Amino acid sequence: MSRTRRLPVLVAVAVVLAATGVAVTLTHPKNPSGSPSGLSVAINTESSALYCTGLSNGPGPAGRVDFYNTANGPRNLSVSVVSSLGTTWSGALELGAHQGQFIQPSVLDQSTKNATYGVAVQVSGGGVVGEEIEGSDRAEAPCVNQGSTRWYGTGFDTLTGSSANLSVYNPTATAAVFNASIYSATGVSAPQSFQGISVPAHTQSTLDLGTEVVNTQNVGVSVHVLRGSLEIVGVQDSKGSISLDPGQRHASAAAWFPDVTTVEDATAQLRLANPSDLVANVTVSVSLGEFKIPAQHVTLSPFSTGSIAITPNPAIPASGYASLALRSSVPVVSTLATGSGSVVLLSAPSTPVGEVFVRDFTALGFDAATVTNTSSRVVRLTVSTFSSASPKTVSVSGGIKLRGDATLTLSSLFSTFSTAGDAFLISASSPSIVVALTLPSRPRGVDVVSPLNGR
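Residues numbered from 1 in each chain as written. Predicted model: local features only at pLDDT ≥ 70, side-chain atom pairs only at ≥ 80, totals over all residues. Heavy atoms only, no water.

Chemist: Sorry if this is basic, but what is going on with the sheet that holds strand E31 (residues 433–438) here?
Modeler: What links the strands of a sheet is backbone hydrogen bonding, and the strands pair in either a parallel or an antiparallel sense. Read from one edge to the other, the open sheet built from 4 strands follows the order E29-E26-E31-E32, with strand pairing classed as antiparallel. Only two strands of the sheet have a single neighbouring strand rather than two, namely strand E29 (407–409) and strand E32 (448–449). Bridging between E31 and E32 involves 2 bridges; their strand directions are antiparallel. If you follow Leu 437 over to E32, its bridge partner there is Val 449. (Pairing = 2+ DSSP bridges. Helix = DSSP H or I, 4+ residues; strand = E, 2+ residues; numbered from the N terminus.)

Following this line, the structure appears as structure tokens:
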């Protein structure tokens, strides 16, 4: 859908949000071990919630939060928007079966400058998912239905011309308190100003990493929420190019990055942080067409950061997309950093899950779109297609076999994948699949976006 076609919807939503003043009552979230999205909520549940943060009203086009209803019946959404300056709005939306709608928080905030936003949505039932999209349409992050008590991210740059912030939203009815620790190549620090930070109920704030970590590359962060729970998204501004990093809720000894660019003029690195007191020996296997590429290695000291260059790298040919599998002797935090020249765009690894929702929210199409089986056993896939041409019709294809450690393009699974406006729900017989998506870009593959895959 083009921006021009979205405009009438935006106007209608803005009017509804400004005029209705619907009160939103938010439930206190549990402290989950995973990072659930609307996909993890049963369709027949009485109510569910979505929380999003990371958008701002900075220069350029306004960012938005896109909602999609995967259920066979309508859903009513009570929406609450709060800015970092304390301004709030509330309103209501109705989503028909298999239909989408969006809001643009900054458009509702004409009088406020230099603000960031948190969005809370209470849904009458399950099956609604949300994705926030930065104004350039080049960065996305999933909304979640629960806050977390632990958050990790890495790869942030505070070099001259760049900024790195944590967008922090408290969706609960009580104040939350958190500590943040910083990792770099030289070790860990716990700045006093990053300790005991209070976030009042239903408010949004930002933590500027550059206030304590000056002119530094590859900064890692861990957040420990001492009271309550928070939704956190890392926002990297690299010379005006924005990326949204949903981070990880725990370090991991394994990670997968199926579509990593190796083309000329592109840069790609795996940026790593070791949040433990043990040495981390990290090995990355690289698959790239018929080339035989030696495994890449790095050793991380306790509480430090490091990286592995994928391109440019004399051991890895410049030849399209590579598939990476990371293994570490101890759990680490990993991020894919892509870009061109000195511009860095961050994207977190996808956690293997059993269900993934894919939709072209930006109407730009995809340059790469694949599904990978991270296990050694065959999994069976079922694909439900929500057609934009026939919103009430869902076609289901089942019995698709994906062998162990294999990757397939989504277009090979279903011929309608490139149809603008369609949405797809991919279900697997075991929670072992990851979906990777990149947008069209120059150089190829530097704009990586997140599917709704269990966050």
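We are not done yet, so read on.
Chemist: What should I look at first to understand the side chain of Ser 48 in this one?
Modeler: Here Ser 48 shows up in strand E1 (residues 48–56). A distance of 2.7 Å separates a polar atom in the side chain of Ser 48 from the backbone oxygen of Gly 125. With sequence-adjacent residues up to four places away left out, Ser 48 is seen in contact with Val 41, Val 121, Gln 122, Val 123, Gly 125 and Gly 126. (Polar contact = N/O pair within 3.5 Å; in protein donor to acceptor, adjacent residues only side chain to side chain. Contact = heavy atoms within 4.5 Å.)

Chemist: What am I meant to see in the environment of Gly 187 here?
Modeler: Of note, Gly 187 is situated in strand E12 (residues 187–189). Measuring from C-alpha to C-alpha, the distance between Gly 187 and Asn 274 comes to 9.5 Å, with 87 residues separating the pair along the chain. Not counting residues up to four positions away in its chain, the partners in contact with Gly 187 are Ile 182 and Phe 303.

Chemist: It is not clear to me how the pairing of strand E19 (residues 267–274) should be interpreted in this structure. Could you clarify?
Modeler: Along any regular strand, the residues point their side chains to alternate faces of the sheet. Taken across its 8 residues, E19 has 6 buried, putting it largely inside the fold. The pairing of E19 with strand E23 (residues 321–339) spans 7 bridges and is classified as antiparallel. Pairing of Ala 268 across the sheet is with Thr 338, part of E23. Here 7 bridges tie E19 to strand E22 (residues 304–311), and the two strands are oriented antiparallel to one another. (Buried < 20%, exposed > 50% of the residue type's maximum accessible area, 1.4 Å probe, protein only.)

Chemist: What's the story with the sheet that holds strand E6 (residues 116–123) in this structure? I'm lost.
Modeler: Here we have 4 strands laid out as an open sheet, ordered E1-E6-E3-E4, and antiparallel in their pairing. The strands lining the two open edges of the sheet, one partner per strand, are E1 and strand E4 (88–95). Sheet twist, expressed as the average angle between the axes of neighbouring strands with direction ignored, equals 20°. As paired elements, E1 and E6 share 8 bridges and run antiparallel to each other. When the sheet's bridge partners are listed, Leu 55 is paired in E6 with Tyr 117. (Axes fitted to C-alpha atoms, helices over the stretch in contact; angles between N-to-C directions.)

Chemist: How should the state of the cysteines be read in this particular structure?
Modeler: Throughout this description, disulfide means a covalent bond between two cysteine sulfur atoms. Using the criterion set out here, one finds 1 disulfide in the structure. Between Cys 52 and Cys 143 runs a disulfide, and the two sulfur atoms are separated by 2.1 Å. Here the S-S torsion is close to 105°, and the disulfide linking Cys 52 with Cys 143 is therefore right-handed. Separated by 91 residues along the polypeptide, Cys 52 in strand E1 and Cys 143 in the loop between strand E8 (140–142) and strand E9 (150–156) bring together distant segments of the chain. By relative accessible area, Cys 143 is classed as buried at 0%. (Disulfide = S-S within 2.5 Å.)

Chemist: How should I be thinking about the environment of Gly 127 in this particular structure?
Modeler: Along the chain, Gly 127 turns up in the loop between E6 and strand E7 (128–133). The sequence separation of Gly 127 and Asn 72 amounts to 55 residues, and the corresponding C-alpha distance is 8.9 Å.

Chemist: I'm lost on the pairing of strand E17 (residues 241–245) in this one. Help?
Modeler: By the criterion of burial, E17 is predominantly enclosed, with 4 of the 5 residues buried. Counted between consecutive antiparallel strands, the loop separating strand E16 (residues 231–238) from E17 contains 2 residues, among which Lys 239 sits at a positive phi close to 55°.

Chemist: Would you explain the packing of aromatic side chains in this entry?
Modeler: Aromatic rings considered in pairs are described by the distance between their centres and by the relative angle of their planes. Going through the model one piece at a time under the given rule, you end up with 7 aromatic pairs. Here the aromatic rings of Tyr 68 and Phe 386 are separated by 6.0 Å at their centres, their planes lie at 70°, and the arrangement is edge-to-face. Taken together, the residues Tyr 68 in strand E2 (residues 64–69) and Phe 386 in strand E27 (residues 379–386) connect sequence positions 318 residues apart. Taken as a pair, Tyr 68 and Phe 386 share a single burial class, namely buried. Ring plane angle 25° and centroid distance 4.6 Å describe the contact between Phe 414 and Phe 424, whose orientation is recorded as stacked. Here Phe 414 is found in the loop between helix H2 (410–413) and strand E30 (423–428), whereas its partner Phe 424 is found in strand E30, with 10 residues between them in sequence. (Phe/Tyr/Trp six-rings, centres within 6.5 Å; stacked < 30°, edge-to-face > 60°.)

Chemist: When you look at the pattern of salt bridges in this model, what are you seeing that I'm missing?
Modeler: It is possible for side chains of opposite charge to pair when their charged atoms get near one another. What the rule picks out here adds up to 6 salt bridges. A salt bridge links Asp 157 to Arg 271; the nearest nitrogen and oxygen atoms lie 2.8 Å apart. One end of the pair, Asp 157, is in the loop between E9 and strand E10 (162–169); the other, Arg 271, is in strand E19, with 114 residues separating them in the sequence. Assessed through its relative accessible area of 2%, Asp 157 is described here as buried. Arg 249 is the salt-bridge partner of Glu 231, the closest N and O atoms lying 3.9 Å from each other. Residue Glu 231 is located in strand E16, and its partner Arg 249 is located in the loop between E17 and strand E18 (252–261); the two are separated by 18 residues in the primary sequence. Judged by relative accessible area, Arg 249 falls into the buried class, the value being 8%. Taken together, the shared-partner salt bridges connect Arg 64, Asp 66 and Asp 137 into one network. (Salt bridge = Lys/Arg side-chain N within 4 Å of Asp/Glu carboxyl O.)

Remember, this is a structural readout, not a statement about activity or role.
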